[in-house]
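# Coordinate analysis (summary)
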Amino acid sequence: LKGLKYALLGLGDSKYTTFFMNPTVISSGMDKAGAERIGRLGKADASGEGDKNQLKVIEEWSRNIIPELKRAAVELEAMTDEQWSIKGEEVDVATKNFHVLCRQVYDTWDRR
C-alpha cells in the first residue's frame, strides 16, 4: 500500500475490554503494509468526560485533520494521468491479493 494515505478516527467506549483495539490494529496493519497515516489516530471515547467527551474529541480531530487532508488533496491534484493509472493498478493488485497482504501484516491471520 505504499503511497496510500489515510486518516482514521476510532469511535468506541472504554467500558469494553476491546476498546480501541480495531482502529489500533487497522492503523498498525496499514502502516506495516506501507500506507501513511495523515494526522494523528483519533480516539473518541463514548464514556469520555470533560475534555475527553466523545463529541469534543471528534470535533477537535475533525478541525485538525482538515489542513492535513487539504495538503493531501493538493498532492493528488498534481498527479499526472500516468500516475493515476499506476495508482489504479496498485489498488487492483492489493485488492486481488488481500489475503496474502493480511498474512504478511498479521502473524495470526490464518488462525482467525
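A brief report on the enclosed structure follows. (Residues numbered from 1 in each chain as written. Predicted model: local features only at pLDDT ≥ 70, side-chain atom pairs only at ≥ 80, totals over all residues. Heavy atoms only, no water.)

The next thing to look at is the overall build of the protein. Within the protein, the regular secondary structure consists of four helices and four strands. Secondary structure elements in the protein, listed N-terminal to C-terminal, are β-β-α-β-β-α-α-α. A compact globule built from 112 residues would reach a C-alpha radius of gyration of about 13 Å, whereas the protein, at 17 Å, exceeds it by more than 25%. Overall, the protein is about 50 × 40 × 15 Å in size when its C-alpha atoms are taken along their principal axes. Residues counted as buried form 22% of the 112 residues belonging to the protein. When contacts within the protein are restricted to residue pairs at least 6 apart in sequence, long-range pairs at least 24 apart make up 65% of them. Per element, the accessible surface of the protein, about 8300 Å² overall, is 55% carbon and sulfur. (Helix = DSSP H or I, 4+ residues; strand = E, 2+ residues; numbered from the N terminus. Rg over C-alpha atoms; globule rule 2.2 N^0.38 Å. Buried < 20%, exposed > 50% of the residue type's maximum accessible area, 1.4 Å probe, protein only. Contact = heavy atoms within 4.5 Å. Areas by Shrake-Rupley, 256 points an atom, 1.4 Å probe, with all protein chains shown as cover.)

On to helix H1 (residues 21–32). An ideal rise of 1.5 Å per residue puts 16 Å on twelve residues; H1 measures up with 16 Å between its terminal C-alpha atoms. Turning to H1, its buried residues are Pro23, Ser27, Gly29 and Met30. For H1, the angular spread of buried residues about the axis comes to 165°, placing them on one side. At its buried positions, H1 is contacted by strand S1 (5–6), strand S2 (9–12), strand S3 (36–37) and helix H4 (98–105). (Expected span 1.5 Å × (residues − 1). Arc of directions from axis to C-beta.)

A word on the pattern of salt bridges. Counting across every chain of the model gives three salt bridges. For Arg71, the salt bridge identified is with Glu68, shortest N-O distance 3.0 Å. Linking Arg71 with Glu68, this pair stays in helix H2 (residues 54–77), spanning three residues, or about one helical turn. For Glu68, a relative accessible area of 29% corresponds to the partly exposed category. (Salt bridge = Lys/Arg side-chain N within 4 Å of Asp/Glu carboxyl O.)

Before going further, it helps to examine the packing of aromatic side chains. Scanning the model with the defined rule gives one aromatic pair in all. Here the aromatic rings of Phe19 and Phe20 are separated by 5.9 Å at their centres, their planes lie at 40°, and the arrangement is tilted. (Phe/Tyr/Trp six-rings, centres within 6.5 Å; stacked < 30°, edge-to-face > 60°.)

You can see Ala44 is positioned in strand S4 (residues 42–45). Placed 31 residues apart in sequence, Ala44 and Asp13 show a C-alpha to C-alpha distance of 8.0 Å. Non-local contacts of Ala44, meaning those with residues more than four positions away in its chain, are made with Leu9, Gly10, Leu11, Gly12, Phe19, Gln54, Val57 and Ile58.

In globular proteins that are soluble, nonpolar side chains generally tend to be buried together. In terms of nonpolar packing, the biggest core is built from six residues, these being Tyr6, Leu8, Phe20, Met30, Ala35 and Leu41. Excluding anything up to four places from it in sequence, Leu41 contacts Leu8, Phe20, Pro23, Thr24, Ser27 and Trp61. (Core = buried A, V, L, I, M, F, W, Y, C linked by side-chain atoms within 4.5 Å.)

Positive phi, close to 65°, is recorded for Phe20, a residue that is not glycine. You can see Phe20 is positioned in the loop between S2 and H1.

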